[in-house]
Amino acid sequence: MKSLSWQISFFILTLFLFSELKAQEYNADKESRILYLFEKSRELAAENNYTLAAKNCKEILSLDSLNTDAAILLARIYSWNAQYDSAATIISEILEKHPSSYDALEAATDNEFAAGRYKSSIEYAKIAQKHFPDKEVFKSKEIRADLELKRGQKSNRIHLQFWSDFIEGNDPWLFGSFTYTKKFKKSGSLSLRYNYANRYQKSGHQFEADAYPILSKRIYLYLNAGLSNSINFPFLRAAVEPYIKLPAGFEASAGIRYMSFVKESLLSFKEGEVIILTGTIGKYSGNWWFSVRPYFSYSDNNWSTSATLTTRRYLSDPDSFISLNLGTGFSPDLQQYAYNPDLQYLKSNRLQLDYQQKFANWYIFNLGAGYAREEFQNNIAKNRFTLIAGLTFIL
């Protein structure tokens, strides 16, 4: 009996030790896997591969639901990908359990700022300063959010724009505009603009109004109306285009523009009138914006098509960016292709690079340069070079 009892005890002890050994091996493998996934997630996020980075973070949390480092990184990834509400949900859950977490408070401050919720960003920054009074970074974040909050309360802008086209065999074409914009807190914005153009030694004057009424959280409108002296601009122009914000950072629109270059043919759909069907498909991806806009123009019983592709990289804020625009074809909606009965465009390919930067929350400066190769009737081809400069005052 003693021998049997000893054998049973030995078997149980061996089984226990084996289980412990296997558990240690499993834990070691799990920790190694978590460490690998975390480092890989950081690398992928730095490369703007947010989808795969987020997938790795979720796998870490499936292995260890209490891993706050992975949770905060996932929140950061959501925020970088403009999924601010998803990021805020994760951060709030962490702060409920760890109200003095440095990383969570910093992530919350940054996420609310990126989302444009500046009051909330200031509140998180103040909470963080109570827990970490020696950390100046949170005071800097509070000041940054306070400046943006004050800037957002400035609802008026005045924009001056000047540009010139240099075309082979022609005198330079000169353009200028003065725009006043009023932003309304919930209903959108309204802009009043005066345009000037000097082409073929003739001066044209146009007055325009643009409105962007907000209909809901996902839908807003673009409305436009303009009148001129019929020189270099259409006598009358009007436009309507609804925009809708779609999931995954997409945006789409579809609209119509009407132009009449001859007073006598107003709404008669004869010579000198143009109807343009257009729209956009756009996508936000991190700090990038991509969009394509086709134009289908009908005038004088003929259809023509054109298209533009825009790539924009946002910098420190929504008012600062670098933009590249590629286009083919021509449309009267583009001012350089305004109606001219003596000039028939056959083909056009163009590119334009723009840079815009905000300074001190009071000014926005923009520069642009473009090139186009254009073909006309009678086998005529010319190069067009464009220079643009503008200044906006934020009031």
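Please read all numbers here as calculations on a predicted model, not as lab measurements.

Cut-offs applied
Residues numbered from 1 in each chain as written. Predicted model: local features only at pLDDT ≥ 70, side-chain atom pairs only at ≥ 80, totals over all residues. Heavy atoms only, no water. Phe/Tyr/Trp six-rings, centres within 6.5 Å; stacked < 30°, edge-to-face > 60°. Lys NZ or Arg CZ within 6 Å of the ring centre and 35° of its normal. Salt bridge = Lys/Arg side-chain N within 4 Å of Asp/Glu carboxyl O. Helix = DSSP H or I, 4+ residues; strand = E, 2+ residues; numbered from the N terminus. Buried < 20%, exposed > 50% of the residue type's maximum accessible area, 1.4 Å probe, protein only. Axes fitted to C-alpha atoms, helices over the stretch in contact; angles between N-to-C directions. Parallel < 35°, antiparallel > 145°, perpendicular 65-115°, else oblique. Contact = heavy atoms within 4.5 Å. Nonpolar A, V, L, I, M, F, W, Y, C, P; charged D, E, K, R; others polar. Core = buried A, V, L, I, M, F, W, Y, C linked by side-chain atoms within 4.5 Å. Polar contact = N/O pair within 3.5 Å; in protein donor to acceptor, adjacent residues only side chain to side chain. Pairing = 2+ DSSP bridges. Expected span 1.5 Å × (residues − 1). pLDDT = per-residue confidence, 0-100. Left-handed = near helix turned anticlockwise from the far one by under 90°.

A.B. asks: Before we go on, may I ask you to explain the packing of aromatic side chains in this structure?
C.D. replies: Between two aromatic rings, the relevant description is the distance of the centres plus the angle of the planes. For the coordinates displayed, the defined rule picks out 16 aromatic pairs. Connected via pairs of aromatic rings, a cluster forms that spans Tyr102, Phe132 and Phe138. Between Arg199 and the ring centre of Trp173, over which it is positioned, the NZ or CZ distance is 4.9 Å. Just above the ring of Phe321 sits the side chain of Arg312; from NZ or CZ to the centre is 4.1 Å.

A.B. asks: What's the story with the pattern of salt bridges in this structure? I'm lost.
C.D. replies: Where side chains of opposite charge bring their charged atoms close, a pairing between them can arise. According to the stated counting rule, one finds 15 salt bridges in the structure shown. Linking Asp110 and Lys141 is a salt bridge whose minimum nitrogen-to-oxygen distance equals 2.8 Å. In this pair, Asp110 sits in helix H5 (residues 102-114) while Lys141 sits in helix H7 (residues 136-152), placing the two residues 31 residues apart along the sequence. The residues Asp110 and Lys141 share a single accessibility class, namely buried. The residue Arg117 makes a salt bridge to Glu112 at a minimum N-O spacing of 2.7 Å.

A.B. asks: Looking at this structure, I do not really get unusual backbone geometry. What am I missing?
C.D. replies: Only a minority of non-glycine residues have a phi that is not negative, and only a minority of peptide bonds are not trans. With a phi close to 65°, Asn48 is a non-glycine residue in the positive phi region. Accessibility expressed as a relative area gives 44% for Asn48, which makes it partly exposed. Of note in the backbone geometry, Gln201 takes a positive phi value of approximately 60° without being a glycine. Position of Gln201 relative to the elements: it lies in the loop between strand E3 (188-199) and strand E4 (202-213).

A.B. asks: What am I meant to see in the packing of helix H3 (residues 68-80) against H5 here?
C.D. replies: When two helices pack together, their arrangement is captured by the angle between the axes and the distance separating the axes. Running from N to C, H3 and H5 point in directions that differ by 10°, and their axes come no closer than 10 Å. The angle between H3 and H5 falls in the class roughly parallel. Taking contact as the criterion, the partners of Asp69, Ile72, Arg76 and Ser79 in H3 are, on H5, Asp103, Ala104, Glu106, Ala107, Asp110, Asn111 and Ala114. Counted by class, the contact of H3 with H5 contains four nonpolar, two polar and five charged residues.

A.B. asks: Is there a simple way to explain the nonpolar core in this structure?
C.D. replies: Where a protein is soluble and globular, its nonpolar side chains tend to be buried together. Counting residues in hydrophobic clusters, the biggest one holds 29 residues, and the most contacted among them are Ile60, Leu74, Ile77, Ile90, Ile91, Ile94 and Leu95. Elements with a minimum of two residues in this core: helix H1 (2-46), helix H2 (50-63), H3, helix H4 (84-97) and H5. Setting aside residues no more than four positions away along its own chain, Leu95 makes contact with Ser101, Ala104, Leu105, Ala108 and Tyr124. With seven residues, the next largest nonpolar core counts Trp163, Trp173, Ala197 and Ile388 among its residues.

A.B. asks: Teacher, can you tell me more about the side chain of Ser253 here?
C.D. replies: Structurally, Ser253 can be placed in strand E7 (residues 250-260). A polar atom in the side chain of Ser253 sits 2.5 Å from the side chain of Glu241. A distance of 2.7 Å separates the side chain of Ser253 from the side chain of Thr280, its partner in a polar contact. Contacts of Ser253, omitting those with residues within four sequence positions, involve Glu241, Pro242, Tyr243, Gly279, Thr280 and Arg293.

A.B. asks: In this structure, what is going on with the pairing of E3? I would like to understand it.
C.D. replies: Here is the key point about a regular strand: its side chains alternate between the two faces of the sheet. With eleven bridges connecting them, strand E2 (residues 173-184) and E3 associate as antiparallel partners. Within the sheet, the bridge partner assigned to Phe178 lies in E3 and is Tyr194. Counting the residues between successive antiparallel strands, the hairpin from E2 to E3 contains three residues. Where E3 meets E4, twelve bridges bridge the pair, whose relative direction is antiparallel. In the sheet register, Asn198 faces E4, and the bridge partner there is Ser203.

A.B. asks: Which parts of the structure should I look at to understand H3?
C.D. replies: An α-helical turn contains 3.6 residues, so a residue and the one three or four places further along point in the same direction. With 13 residues, H3 extends 18 Å between its outermost C-alpha atoms, agreeing within 8% with the 18 Å of an ideal straight helix rising 1.5 Å per residue. The buried count for H3 comes to ten of 13 residues, which makes it a mostly enclosed element. Among the residues of H3, those classed as buried are Ala70, Ala71, Ile72, Leu73, Leu74, Ala75, Arg76, Ile77, Tyr78 and Ser79. Its side-chain oxygen 3.3 Å from the backbone nitrogen of Asp69, Asn67 forms the N-cap of H3. Ala82 occupies a position one or two residues after H3 and carries a positive phi of about 65°.

A.B. asks: Which parts of the structure should I look at to understand the confidence of the model for the protein?
C.D. replies: For residues with low pLDDT, the predicted coordinates do not support detailed interpretation. For the protein, mean pLDDT is 83; residues scoring 70 or higher make up 85% of the total. Looking over the protein, one finds the lowest element-wise mean pLDDT in H1, namely 62, and the highest in strand E5 (residues 219-228), namely 94.

A.B. asks: Looking at this structure, I do not really get the packing of H5 against helix H6 (residues 118-131). What am I missing?
C.D. replies: Contact geometry of H5 with H6 gives a least axis separation of 7 Å together with a crossing angle of 160°. One finds that H5 runs roughly antiparallel with respect to H6. H5 and H6 meet at a crossing whose hand is left-handed. Within the contact between the two elements, H5 uses Leu105, Ala108, Thr109, Glu112 and Phe113 and H6 uses Tyr118, Ser120, Ser121, Tyr124, Ala125, Ile127, Ala128 and His131. Taken together, the residues of the contact of H5 with H6 break down into eight nonpolar, four polar and one charged.

A.B. asks: Help me understand the environment of Tyr371 in this model?
C.D. replies: Position of Tyr371 relative to the elements: it lies in strand E13 (residues 363-376). Through-space distance from the C-alpha of Tyr371 to that of Leu353 is 9.2 Å; in sequence the pair is 18 residues apart. Leave out the neighbours within four places in its chain, and Tyr371 touches Asn349, Arg350, Leu351, Asn383, Arg384 and Phe385. Polar side-chain contacts of Tyr371 include one of 2.6 Å to the side chain of Asn383.

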